[in-house]
Every structure is written in structure tokens, then in C-alpha cells.
Amino acid sequence: MKATINDVARLSGVSIKTVSRVMNNEPSVRQITREKVQEAVKELNYQPNLAARNLAGTKSFTIAYVYDNPNAYYIIDMQEGILSACRQQGFELLINPCDSQKEDITEDIINTIKHARVAGLVLTPPFSEQPEFVKRITALDIKVVRIMSGDVAPDELSPCVMVNDREAAQTITQHLIDLGHKKIGFIAGGAEHMSTIERYKGYRQALKVNDIAFNKNLVIEGEYSFESGVNGAQKLMAKEVSPSNTPTAIFSCNDEIAAGALFAARLMNIKIPEQLSITGFENSPFSRQTWPKLTTSDQPNKQIAHDAASLLISQVRKQKGINVISQYIPQLIVRDSTGAP
């Protein structure tokens, strides 16, 4: 028969309440007692029923990940990172994809939160960048942790895990400049995303530091998509474009855009990196599946998500001193898509 919490209590010689505290990872348990209970759990192969625990108690042990993002690789990394923290802490995860442009999306999310008895939310852009939405959620006494682009939190509405896109973008652009490039194109992601704004600022800053004149004709508005990379590269590299407006390198706002730019270059018989260098951002599988492989910036999305979920669970449990990284700086990875002009 399947082991129960009573079996664990009997084998470890403690009360059911103590077993519950250990399973909930509460700090008010002596280490020797915690180890006895964990040994009994392992020996009996005890699997707590998290859904039943949510229904039976006054506390909720469910957090939710609310998102609207077309990048499947990003979403998978986020889900895996959050889920790993939930498993470590004995929490369940509710995954809630939504359309952030829907007129009554806030009410829909609030109804979901109430129905599922969610204790907290992990938010990624665009929801994490909408202060009025965050205010509505926290007003319900729901804990929130936001993953955002920038070096410091923009407000005190909730804890944040920040991703310093600006510094990482400046480093990528500096890499291209160090190779000898001066005419560097920029294919943007969606203008509504703070990551696009921060990466653009990093690009501009690198040009400024190196006394390279900014050329607005080298900047293409786009979206975070493969098609945007194709269209952007074709505009930048079109034959009718004057030589002064034709780049020798392209900074793409993410790897998917960069993969599209590579495809466009191949259609135009432009050799990479001999005739054109292309960089991505994020170090997603796109960056390793293209040929040549992309120079990019490694954004450790799984670890970022794990830290955000761990921080959220500590907020739900009212624990202090949780050890997570509050700011990540994506690191440059040089591969085969960049070279001297």
C-alpha cells in the first residue's frame, strides 16, 4: 500500500505535525529531526499529495507563472527553472499562458488566482513591466516576484530579479568594434519590451565610448521573431542601399532574430563572417543550431527562473535572508558568426 504521513511519523518517531513541517521545509525543525524524517520519507518512498494538502489547509502551496511570450525556448527554460524550485520547496506550479493584449486580461488572471488558491506569481515581460497590473495583484495579498530588464528595480511594488541587458549589449557591440567594425546594424525586438530598450541603449553606449558616429539608417525596428531577422537583414543589406548605410556587422536583439538574419544573408549570397558578422542574444538553442554558430550573450534563464521562484516561495513563507542573485549580467560567448570586416 502507498505510504502515508502517519507511516512516516511512526518510522521516524515524531509527530505528524513535525513531519508536515519538514515536508513544507519550515525552518523551525532541528537538523537531527529533519534528517530522521527525510530518511523515513526515502525508505517508505513517501509522496505527499500536494493537491490534497492545498485543499485541507489554510495555507496555499501553489504558485503560478503568468506569461505572454512567443519564444518557446524562453518559456521552456522559465518553466523548468520555476518547477525545479517548486520541487525543492514542496510547492505546486500553475502555468498560465495569456494574451496580454486582451481587454479584460487582468480580471481573467485574478479569477484564475482565486479559483486555484494561488499564493504567489512569477511574472516575466510584458506583465512584469506593467505596474498597474502588479498593484492589482498585490492588493489581493498575493505575493509577486518580477523578472525584468535593467540593473535596478524600477520601484518597490515587489521583489525583482533583474537582467542587465544594457551592459551585456554594450559588451557584444564592443566585441564587434574590437574586431574592427564601425558600421554596425541593429535589428530591434518589440518596442514594448524593456529588454529591447536596454539592449539598444547598450549598443548606443558602445558606439559613444568608441567615438563612432551613430547612424539611424543602421537601426531597424522589429519583433522577437525569425521573420523579423530575415526582413531586417534584407533591408540593411539591400543592393540599392548606399555603402555608407550598409553594415559590416549586425547586432540582433535575440538569437531568433539573428538566425533569421543568417538565413537572409545566405539568400543574398553573403558569406558569414567573411562579408558580414552577425550576433544574437540569450544563448538559446537557436544560437547553436545555426551554421555558423552564433556569437551571443549567455542569459541563464533556468537559473534566473529558479531564483525568482525561490524568492517568491520565501515571500510566501515570510522567510528572510534567502540567498539568490538579484541581478544577472549575460556573458559574451564568441562563436563562428563574427570576424574582422
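See the structure printed just above.
In what follows, the accompanying structure is described. (Residues numbered from 1 in each chain as written. Predicted model: local features only at pLDDT ≥ 70, side-chain atom pairs only at ≥ 80, totals over all residues. Heavy atoms only, no water.)

### Structural notes on the pairing of strand β1 (residues 62–67)
Selection criterion: Note on classification: 1.4 Å probe, protein chains only; a residue is buried when its accessible area is under 20% of the maximum for its type, exposed when over 50%, partly exposed between these limits. What counts as a helix is a DSSP run of H or I of at least four residues, what counts as a strand is a run of E of at least two, and both are numbered from the N terminus. Any two strands with at least two DSSP-identified bridges between them are counted as paired. Viewed with both strands pointing away, a crossover whose connecting path from the first strand over the helix to the second turns clockwise is right-handed.
With six of six residues buried, β1 is to be regarded as a mostly interior element. Covered by surrounding structure in β1 are T62, A64 and V66 together with I63, Y65 and Y67, the residues of both alternating faces. With six bridges joining them, β1 and strand β2 (residues 92–97) adopt parallel strand pairing. Counted as the bridge partner of A64 is L94 from β2. In this view, the connection linking β1 to its parallel neighbour β2 by way of helix α5 (residues 72–89) has right-handed handedness. Where β1 and strand β3 (residues 120–123) come together, four bridges link them in parallel fashion. If you follow Y65 over to β3, its bridge partner there is V122.

### Describing helix α8 (residues 165–178)
What counts here: Multiply 1.5 Å by the residue count of a helix minus one, and that product is the helix's expected span.
Helix length check: α8 (14 residues) gives 20 Å between terminal C-alpha atoms against 20 Å at 1.5 Å per residue, within 8%. Along α8, the positions that sit buried rather than exposed are D165, A168, A169, I172, T173, H175, L176 and I177. Within two residues after α8, G180 carries a phi angle of roughly 115°, on the positive side.

### Topic: the sheet that holds strand β6 (residues 184–187)
The line we're drawing: Note on contacts: a residue pair is in contact if any heavy atoms of the two residues lie within 4.5 Å. Axis lines are fitted through C-alpha atoms, for helices just across the contact stretch, and the angle between N-to-C directions can take any value from 0 to 180 degrees.
Ordered by their spatial adjacency, four strands build an open sheet running β7-β6-β8-β9, and the pairing between neighbours is parallel. Of all strands in the sheet, those bounded by a partner on one side alone are β7 (219–220) and β9 (277–279). Strand direction decides the pairing type here: β6 and strand β8 (residues 249–252), joined by four bridges, are parallel. Its bridge partner lying in β8, G185 is registered against I250. With respect to the sheet, α8 is in contact with β6, β8 and β9, its orientation differing from that of β8 by roughly 170°. Sitting on the sheet, helix α11 (residues 255–267) touches β6, β8 and β9, and the angle it makes with β9 is about 155°.

### Focus: the pattern of salt bridges
Put simply, the test is: Any carboxyl oxygen of Asp or Glu that lies within 4 Å of a side-chain nitrogen of Lys or Arg is treated as forming a salt bridge with it.
For the coordinates displayed, the defined rule picks out ten salt bridges. Across the pair K135 and E132 runs a salt bridge, and its minimum N-O distance is 3.4 Å. Remark: E132 and K135 occur in helix α7 (residues 131–138); sequence separation between them is three residues, near one turn of the helix. Classification of E132 as exposed rests on a relative accessible area of 54%. Where E198 meets R166, a salt bridge forms, and the shortest distance between an N and an O atom there is 3.2 Å. Taken together, the residues E198 in helix α9 (residues 194–209) and R166 in helix α8 connect sequence positions 32 residues apart.

### Quick word on the packing of aromatic side chains
For the record, the criterion: When two rings of Phe, Tyr or Trp (its six-membered ring) have centres within 6.5 Å they constitute a pair, described as stacked for plane angles under 30 degrees, edge-to-face for angles over 60, and tilted for the intermediate range. Counting as a charge over the ring demands two things of the Lys NZ or Arg CZ atom: a distance within 6 Å of the ring centre and an angle within 35 degrees of the ring normal.
Scanning all chains against the criterion turns up eleven aromatic pairs. Each ring, one from Y73 and one from F286, has its centre 5.2 Å from the other, and the planes form 90°; the classification is edge-to-face. Here F286 lies in helix α12 (residues 285–289) and Y73 lies in helix α5, a separation of 213 residues in the sequence. Arranged with centres 6.5 Å apart and planes meeting at 75°, the rings of Y200 and F214 form a pair that is edge-to-face. With Y200 in helix α9 and F214 in the loop between α9 and β7, this residue pair connects regions lying 14 residues apart in the sequence. A residue is classified by how much of its surface remains accessible, and Y200, at 26% relative accessible area, is partly exposed. Put simply, the rings of F186, Y200, Y203, F214 and F251 pair up and form one aromatic cluster. Its end group placed over the ring of F281, R199 keeps NZ or CZ at 3.9 Å from the ring centre.

### Remarks on the state of the cysteines
Rules: Here, a disulfide means two cysteine sulfur atoms that sit within 2.5 Å of each other.
Within this structure, the stated rule accounts for zero disulfides. In this model C86 remains outside any disulfide bridge; the closest cysteine sulfur is found in C98, 17 Å from its own.

### Here's the deal with the sheet that holds strand β4 (residues 143–149)
An order of β2-β1-β3-β4-β5-β11 is seen for the six strands of this open sheet, with the pairing classed as parallel. With one partner strand each, in any of the chains shown, β2 and β11 (327–328) form the two edges of the open sheet. The sheet strands contacting helix α13 (residues 301–316) are β1, β3, β4, β5 (160–163) and β11, and the helix crosses β4 at an angle near 155°.

### Re the side chain of E256
Under the convention used in this document: The sign given to each residue is positive for Lys and Arg and negative for Asp and Glu; His and the chain ends receive no count.
Take E256: it is sitting in helix α11. The buried charged residue E256 lacks any salt bridge partner; its closest oppositely charged side chain belongs to R199, at an N-O distance of 10 Å. Contact partners of E256, with chain neighbours within four places excluded, come to N71, Y224, S225, F226 and F286.

### Quick look at the packing of helix α1 (residues 5–12) against helix α2 (residues 16–23)
Quick note on the threshold: Throughout this description, any angle smaller than 35 degrees is read as roughly parallel, any larger than 145 degrees as roughly antiparallel, any in the 65 to 115 degree range as roughly perpendicular, and the remainder as oblique. Ten residue types, Ala, Val, Leu, Ile, Met, Phe, Trp, Tyr, Cys and Pro, are classed as nonpolar, four, Asp, Glu, Lys and Arg, as charged, and the remainder, Gly among them, as polar.
Interhelical geometry of α1 versus α2 gives an angle of 105° and a closest axis separation of 9 Å. Relative to α2, the element α1 lies roughly perpendicular. Seen from α1, the contacting residues are I5, N6, V8, A9 and S12; seen from α2, they are I16, V19 and S20. Here the contact of α1 with α2 is composed, by residue class, of five nonpolar, three polar and no charged.

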